[in-house]
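Here's the letter readout for the chains.
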Amino acid sequence: MLGPCSWLNQASLRWPEKEAIFDDESSLNFGDLYETSLRVANWLRLKGRPGDRVVIALPFSVSATVLYFGTLFAGMVAVPVDPRLGLDRLGFLLEEIDPLLVIGSSDFDFKPSWDSRRLCVVNRYQDLHAIIRTLNVKPDLPALDDEPLRLLHIIYTSGTTGQSKGVMLNGANLEAVVAGIQKALSINEDDTMFTALSFAHTYGLSHLWLMAREGAGLGVVQDMTRMALIRKIVAEHHVDVITGVPYHFALFTRRGEKEKWDRIRLVTVAGDAPSKPLIRQMRASFPNARIHVMYGLTEASTRLTILPPEDLERKEGSVGLPIEDVELRVIDEKGEELGPHQAGELIARGANITPGYWKDELLTRKTIIGGWLHTGDIVKKDEEGYYYHLGRKDSVFKSGGEKILPEAIERVLREVEGIRDAAVIGKEDPYRGNTICAVIVQESGSNLSPGEMVAICQGKLGRLWTPHEVVFAEEIPRSSNGKIRYDLLRKKFCT
Amino acid sequence: MEERVKELIVKRFPCTGPNLGYTDLLREKGFTSLMFVELILSLEEEFGIEILDEEIGPGRFSTLERIAEYVRCKLDGRPIPALPVCQECR
């Protein structure tokens, strides 16, 4: 047994009575989580065979956790999916996965054309318990091989192009990435974590791996805006570790020091680099916490770099240093390695890198070359080896021979009084290659003219990066995880 | 009040569309949890109110009508209405 199955097996022996997973409705200790997961495994084995895929379209909850471990103990492939995914994208996903079972809640859009025998409704943990009790399924451990390359997960990531890709992850990937994360965070059995992250992404899932491997408790919640419930859970379960993405902390820490979370000793934030004002607000709200900014992607089993807390101010804007046993390089278009302070594409190599994409050999070969994952992220590193995320490869363009990094310009534009949101794209130009076009969403009541806007930019960005053209828009199109859809912007403003 | 709240939402979240109805569920207009966080922060900023944690819950800001009612109660210092019970209106 490898990865989550072996960790949970060990945890149930070492900490049988200790609280493992809890949400606002139920809680399980390690012993019960292990036993119930085995019952689910044997229930799944009645329905299918090892290697079958099980789609779990539930919010992060005790039920989702039991189904997740049950699927792995059955030797099957867990496919966590965001229950709010639109029907059209879900339909495409299910045809590609051909699952043994789709498990969702009753308000989940099951397509009428799907084979109803493959559907299973679980609203509350009690529903799952009832299914297992009526079948009187025994909790014995199915035979499991130790094949480290056996497929455990298919995780769908939309990236910025909106086209879903199924990233495959195996036991070796998880063993490597959790060892690397743990080296930097040192979660232990006295910790209790809380997160409002989604169960359908590897950042959220990595909490189940840390919970099982280190014996730490984990609290999850379905609706992250229910602040009173979150405070109650955090207090009642003595939570001391909180994790999330920047906008979670924008809500949790909006009162700054007026509302402190004194018990919190460790905070992690990933998904986007938190802004300077947000970091100040988090410092005030979590006075006793080590705050780790982190970066990674699904293809790297969630994690590539972590910033040590003592560097939060000294290395402002950095996403930190590579985690253990991960090699990183910055390369130019020709694949040559670049030196410090030179922007280029980040490539990564390590045991945490995915073996490839589900049923997409072509994309796998284009993305993983000679064992190196081409992340498509534009980064630079400084002379001490700290990495800085600058943008996405598909958003970068050249203007007047200069490499233009939209995210860097956008960050400056969003700080301008009167600008609520901004995106920068390249518009083809016979002389410059591309003109720098800023798409601006103004605050209500502000009516800056394009000319004034360009003048402000000149002051802040200098001649090279000042937009040649400014257009105004109602909204900047973004994907479900908040990333700017440059492809849609180009379609709208460049054709 | 409804007009002022509607203007704030339609301006700040164009995905809801200009002719957003007072009882339309924002969730069905593409509202994500990221947008609900922005809504809470912008209501506090726009109306100078402090939205207490215990006042945030399923259905509190689910429609324009409910948001306007909530803001009016906060500004007048009146008690906040209970959260809707039925699953549909959340």
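Counting restarts for each chain, with residues numbered from 1 along the sequence as it is written. Working convention: letters from A go to chains and numbers from 1 go to ligands, in the order in which they are written. Owing to the predicted nature of the model, reporting of local features is limited to residues with pLDDT of at least 70; listing and counting of side-chain atom pairs is limited to 80 or more, with chain, interface and lining totals taken over all residues. Side-chain figures throughout are based on the complete set of non-hydrogen atoms in the structure, without hydrogens or water.

Moving on, we come to the pairing of strand 1 (residues 19–22) of chain A. Residue and element names in this part refer to chain A. One bridge is not enough; two strands pair if DSSP finds at least two bridges between them. Secondary structure is summarised from DSSP: a helix means a run of H or I of at least four residues, a strand means a run of E of at least two, and numbering begins at the N terminus for each. For strand 1 and strand 2 (residues 27–29), the ladder comprises three bridges, and the chain directions are antiparallel. The partner of Ile21 across the bridge, within strand 2, is Leu28. Where strand 1 hands over to strand 2, the hairpin turn is made up of four residues, counted between the paired strands. Judged from the two bridges that link them, strand 1 and strand 10 (residues 217–220) form a sheet pairing that is parallel. Bridging across to strand 10, Phe22 finds its partner in Gly219.

For the rest of this paragraph, the subject is the environment of Asp377(A). All names here are of chain A. The residue Asp377 is located in strand 20 (residues 372–381) in this model. Type-normalised accessible area, obtained with a 1.4 Å probe on protein chains alone, sets the label of each residue: buried when under 20%, exposed when over 50%, and partly exposed for intermediate values. A residue is classified by how much of its surface remains accessible, and Asp377, at 5% relative accessible area, is buried. Separated by 81 residues in sequence, Asp377 and Gly296 place their C-alpha atoms 10.0 Å apart. A contact between two residues is defined here by any heavy atoms of the two lying within 4.5 Å. With residues up to four places along the chain from it excluded, the contact list for Asp377 reads Tyr295, Gly344, Glu345, Leu346, His389, Gly391 and Arg392. Pairing of N or O atoms within 3.5 Å defines a polar contact, subject to two protein rules: one partner must be a possible hydrogen donor and the other a possible acceptor, and residues neighboring in sequence count only if both atoms are side-chain atoms. Among the polar contacts made by the side chain of Asp377, one reaches the side chain of Tyr295 at a distance of 2.5 Å. In this structure the side chain of Asp377 is engaged in a polar contact, spanning 3.0 Å, whose partner is the side chain of Arg392.

Before going further, it helps to examine the domain arrangement of chain A. As annotated, the domain borders come from an automatic or database domain assignment. Assigned domains of chain A: these are domain 1 (4–381) and domain 2 (397–493). Taking the mean C-alpha position of each, domain 1 of chain A and domain 2 of chain A sit 34 Å from one another.

All names here are of chain A. With mixed pairing, nine strands are arranged side by side in an open sheet as 2-1-10-9-11-12-13-14-15. Sheet topology places strand 2 and strand 15 (321–322) at the edges, where each strand pairs with a single neighbour. Both strand 13 (residues 290–295) and strand 14 (residues 305–306) contribute to a ladder of two bridges, which runs antiparallel. Bridge pairing links Tyr295 to Thr305 in strand 14. A fitted line through C-alpha atoms serves as each axis, taken over the contacting stretch for helices, and the angle formed by two N-to-C directions is quoted from 0 to 180°. Each of strand 12 (266–269), strand 13 and strand 14 is contacted by helix 6 (residues 171–185), which is oriented at about 150 degrees to strand 13, the strand it contacts most.

On the chain B side, the residues contacting the 21 residues of chain A number 20 residues. Overall, the association of chain A and chain B removes approximately 1800 Å² of surface from exposure, summing both partners, and the carbon and sulfur fraction of that is 56%. Buried area is understood as the total, over both parts, of accessible area removed when two parts are fitted together, assessed with a 1.4 Å probe. It is Tyr247(A), Arg254(A) and Arg420(A) in chain A that bury the most area against chain B; as a group they hold 27% of the surface buried on that side. What counts as a salt bridge is simple: a side-chain nitrogen of Lys or Arg found within 4 Å of a carboxyl oxygen of Asp or Glu. Taken together, chain A and chain B are joined by six salt bridges. Asp53(B) is the salt-bridge partner of Arg231(A), the closest N and O atoms lying 2.4 Å from each other.

Turning to the side chain of Arg53(A), a few remarks are in order. Residue and element names in this part refer to chain A. The topology assignment puts Arg53 in strand 3 (residues 53–57). Charge assignment: positive for Lys and Arg, negative for Asp and Glu; neither His nor the chain ends contribute. One buried charge, Arg53, has no salt-bridge partner; the nearest side chain with opposite charge is Asp98, at 4.2 Å. In this structure the side chain of Arg53 is engaged in a polar contact, spanning 3.2 Å, whose partner is the backbone oxygen of Asp98. Contacts of Arg53, omitting those with residues within four sequence positions, involve Val77, Val79, Ile97, Asp98, Pro99, Leu100, Leu101, Ile154 and Trp358.

All names here are of chain A. Despite not being glycine, Asp98 shows a phi value in the positive range, around 50 degrees. Within the secondary structure, Asp98 is located in the loop between helix 4 (87–97) and strand 5 (101–104). A residue is classified by how much of its surface remains accessible, and Asp98, at 41% relative accessible area, is partly exposed. Unusually for a residue other than glycine, Thr302 sits at a positive phi of about 100 degrees.

This paragraph deals with the packing of aromatic side chains. All names here are of chain A. Pairing of aromatic side chains requires ring centres within 6.5 Å, counting the rings of Phe and Tyr and the six-membered ring of Trp. Pairs whose planes differ by under 30 degrees are stacked, by over 60 edge-to-face, and all others tilted. All told, the structure shown has 10 aromatic pairs over all chains when counted by the stated rule. Judged by centre distance (5.2 Å) and plane angle (80 degrees), the rings of Tyr68 and Phe69 are edge-to-face. Comparing Tyr68 with Phe69 shows no difference in burial state: the two are buried. Members of the aromatic cluster, each reached through a chain of ring pairs, are Phe60, Tyr68, Phe69 and Phe199.

Moving on: the sheet that holds strand 24 (residues 419–429) of chain A. Residue and element names in this part refer to chain A. Judged by pairing direction, the sheet is mixed, and its three strands sit side by side in the order 24-25-26 without closing on themselves. Each of the sheet's edge strands pairs with one partner strand only, and the pair in question is strand 24 and strand 26 (469–472). Strand-to-strand, the axes of this sheet are offset by a mean angle of 30 degrees, without reference to chain direction. With 10 bridges connecting them, strand 24 and strand 25 (residues 433–442) associate as antiparallel partners. Across the sheet, residue Asp421 finds its bridge partner in strand 25, namely Val441.

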